[in-house]
Amino acid sequence: MRPNSIKSLDNILYLEDVSLLDIAKKYPTPFYIYSKEMILAAIDSYLTNIRKKDLVCYSVKANSNLAILKIMAEKGMGFDVVSGGELFKVLKIGADPQKIIYSGVGKTKPELEYAVDKDIKSINIESLFELELLNQIGNEKNKVINTGIRINPDIDAKSHPYIETGKADCKFGLSVDDAKRIADASHDGISISGISAHIGSQITDDELFGTLFNDLKALSEFFISKGHPINHIDVGGGLAIDYDFQESFSPELMTKKVIDMAGDIPIFFEPGRSLIGQAGSLVTEVLGVKINGTNRFLIVDAGMNDLIRPALYQANHKIEAISASSESSEKHYVVGPVCETADSFGEFSIAAQEHDHLVIYSVGAYGYSMASNYNSRLRAAEYLIDGSKISEIRKAESYEDLIKLDQY
Ligand SMILES: *Cc1c(COP(=O)(O)O)cnc(C)c1O
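About the cut-offs
Position numbers for residues start from 1 in each chain and track the written sequence from start to end. With pLDDT at 70 or above as the cut-off, local features in this predicted model cover only qualifying residues; side-chain atom pairs require 80 or more to be listed or tallied, and sums for whole chains, interfaces and linings still use all residues. Neither water nor hydrogens contribute to the side-chain values; these are computed over all heavy atoms in the structure. Remark: nonpolar core denotes a set of buried residues (Ala, Val, Leu, Ile, Met, Phe, Trp, Tyr, Cys) joined through side-chain atoms within 4.5 Å. Between buried and exposed lies partly exposed: a residue is buried under 20% and exposed over 50% of the maximum accessible area for its type, with that area taken using a 1.4 Å probe on protein chains only. In this entry, domain limits derive from an automatic or database-based domain assignment. Residues count as neighbours in contact if any of their non-hydrogen atoms are within 4.5 Å of one another. Nearness here has a simple test: a residue counts as near a molecule or strand if at least one of its heavy atoms is within 4 Å of that partner. In protein, a polar contact requires one atom able to donate a hydrogen and another able to accept it; more generally it is a pair of N or O atoms within 3.5 Å, and residues adjacent in sequence count only if both atoms are side-chain atoms. We get accessible surface area from the Shrake-Rupley algorithm with a probe of 1.4 Å; when it comes to residues, only the shown protein chains can shield them. For this analysis, a salt bridge means a side-chain nitrogen from Lys or Arg found within 4 Å of a carboxyl oxygen belonging to Asp or Glu. Put simply, DSSP marks the helices as runs of H or I at least four residues long and the strands as runs of E at least two long, and each gets a number from the N terminus on. Only rings of Phe, Tyr and Trp enter the pairing, Trp through its six-membered ring, and a pair is recorded when the two centres are within 6.5 Å. The plane angle decides the type: under 30 degrees is stacked, over 60 is edge-to-face, the rest tilted.

## Considering the nonpolar core
Then comes step 1: Ile 39, Tyr 58, Ile 149, Ile 267 and Leu 358 are the most contacted members of the largest nonpolar core, which totals 94 residues.
Then comes step 2: A domain split of this core shows at least three residues from each of domain 1 (6-35 + 277-403) and domain 2 (104-269).
Then comes step 3: Leave out the neighbours within four places in its chain, and Tyr 58 touches Asn 63, Ile 68, Leu 69, Met 72, Gly 78, Phe 79, Asp 80, Pro 271, Gly 272, Leu 275 and Ile 276.
Then comes step 4: The next biggest cluster of nonpolar side chains, apart from the first, holds 18 residues, and it includes Ile 6, Leu 20, Ile 23 and Ile 322.

## Considerations on the site of the ligand
Then comes step 1: Of all residues adjacent to the ligand, which total 14 residues, the nearest are Lys 61, Ser 201, Glu 270, Arg 273 and Tyr 366.
Then comes step 2: Contact between the ligand and Gly 272: an oxygen atom at 2.9 Å from a main-chain N or O atom of the residue.
Then comes step 3: Arg 273 is positioned with one of its backbone polar atoms (N or O) 2.8 Å from an oxygen atom of the ligand.
Then comes step 4: Within the complex, 95% of the 390 Å² of free accessible area of the ligand lies under protein.

## Regarding the pattern of salt bridges
Then comes step 1: According to the stated counting rule, one finds 22 salt bridges in the structure shown.
Then comes step 2: Salt-bridge contacts for Lys 75 lead to Asp 44; the nearest nitrogen and oxygen are separated by 3.7 Å. Taken as a pair, Lys 75 in the loop between helix H3 (66-74) and strand S6 (78-81) and Asp 44 in helix H2 (residues 36-47) lie far apart in primary sequence, 31 residues in all.
Then comes step 3: Taking relative accessible area as the criterion, Lys 75 reaches 34% and is therefore assigned partly exposed.
Then comes step 4: Judged by its relative accessible area of 37%, Asp 44 falls in the partly exposed class.
Then comes step 5: Among the ionic pairs, Arg 150 bridges to Glu 126, the shortest N-O distance being 2.8 Å. Of this pair, Arg 150 sits in strand S9 (residues 145-150) while Glu 126 is found in the loop between strand S8 (122-125) and helix H6 (128-140), placing the two residues 24 residues apart along the sequence. Exposure class is identical for Arg 150 and Glu 126. Each is buried.

## Points about the side chain of Glu 130
Then comes step 1: Inspection of the secondary structure assignment puts Glu 130 in helix H6.
Then comes step 2: For Glu 130, a relative accessible area of 1% translates into the label buried.
Then comes step 3: Within the structure, the side chain of Glu 130 is placed 2.9 Å from the side chain of Lys 107, a separation counted as a polar contact.

## Side note on the packing of aromatic side chains
Then comes step 1: A complete count under the given rule lists eight aromatic pairs for this structure.
Then comes step 2: On the numbers, 6.3 Å between centres and 10° between planes, the contact of Tyr 32 with Tyr 34 is stacked.
Then comes step 3: Assessed through its relative accessible area of 0%, Tyr 32 is described here as buried.
Then comes step 4: Taking relative accessible area as the criterion, Tyr 34 reaches 0% and is therefore assigned buried.
Then comes step 5: Ring geometry for Tyr 58 and Phe 79: centres 6.5 Å apart, planes at 75°, overall edge-to-face. Here Tyr 58 is found in strand S5 (residues 55-59), whereas its partner Phe 79 is found in strand S6, with 21 residues between them in sequence.

Fair warning: the whole summary comes from geometry, so function is off the table for now.
And the structure:
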């Protein structure tokens, strides 16, 4: 099983109308490659059931390539940013500030001032110290800043511990008790107009969004009763994708579930992974085959600096050979060149040998955006496929890029 956009024709894999074998031979590996058709389909699955007043804010940290942000903006999506850098990027592609929300557990004063100067839709407050700082900025600038309160609803997202963000002892959000205390206080530099939460990532149980909505709704009624002009409820992101391609976690159903409960209040969603995850693949060349002890290794030219999810979250990304060149399919560990034992993509039955190419699936989200220069490796190029058209949406780095900021 593989992503919808990938088909096998005569034992060669195609992404939309493009032969992956042709491009793997033509362009230096490793590289990321995305299907525009899949991105558009994922966007549509979020837009199908929402009303005019609701807003889907793409979570930029999943993948912040400007070409991808542009596709999102052209389809009317808003943006959820978590840093000044992400805000800079979405403004660069002409995003409407009134469709931008800013979340994050540790925003600096310069970052907050930047967001305030750009008049974005909502800065989501995650701590009491941030509330005081924003109020001070509002007073200094003689402005009433649009904010939301991000709470920690103490809901277990039941995914990996590193990507759960909504349990009581996580660093994210404000406890409901602290939020209620804020509702009673008066701050003339800010206006609180939204209640939000993001309970984690790779959530496979969409009932949780209903539970979450009820908690947020109750709190928003409390804020309204205290005179705050609540004008949206934000249920965050986190809907899963299936890295094994067995199940589908449907944005249509999840958004419908929440909107059916919503009544008049506008709802914001903040999906990242479920918009871009399945649309991206990583193409890599086998440098050689090696047997050490009882293990067989396929050593490839992509490493954990290109894709850190397996090392960081024990994520299991399906891997296939782009052309099935040999019949045997013994089990191999597919490993990268980085000097870390954790630099492994897992064990697969793959028939491949030196110079064959492999494709690593479901890497559109938290793939390139988490890439680094570790081991002074160059970050890879990114390509976007639209039918038979190939666009280079980011160049591969050069050795000069590696040193251009060093002073010596
Ligand atoms: C990361 C993040 C998201 C998106 O999470 P996904 O699992 O990619 O959908 C949404 N909201 C906030 C505040 C986040 O930090």
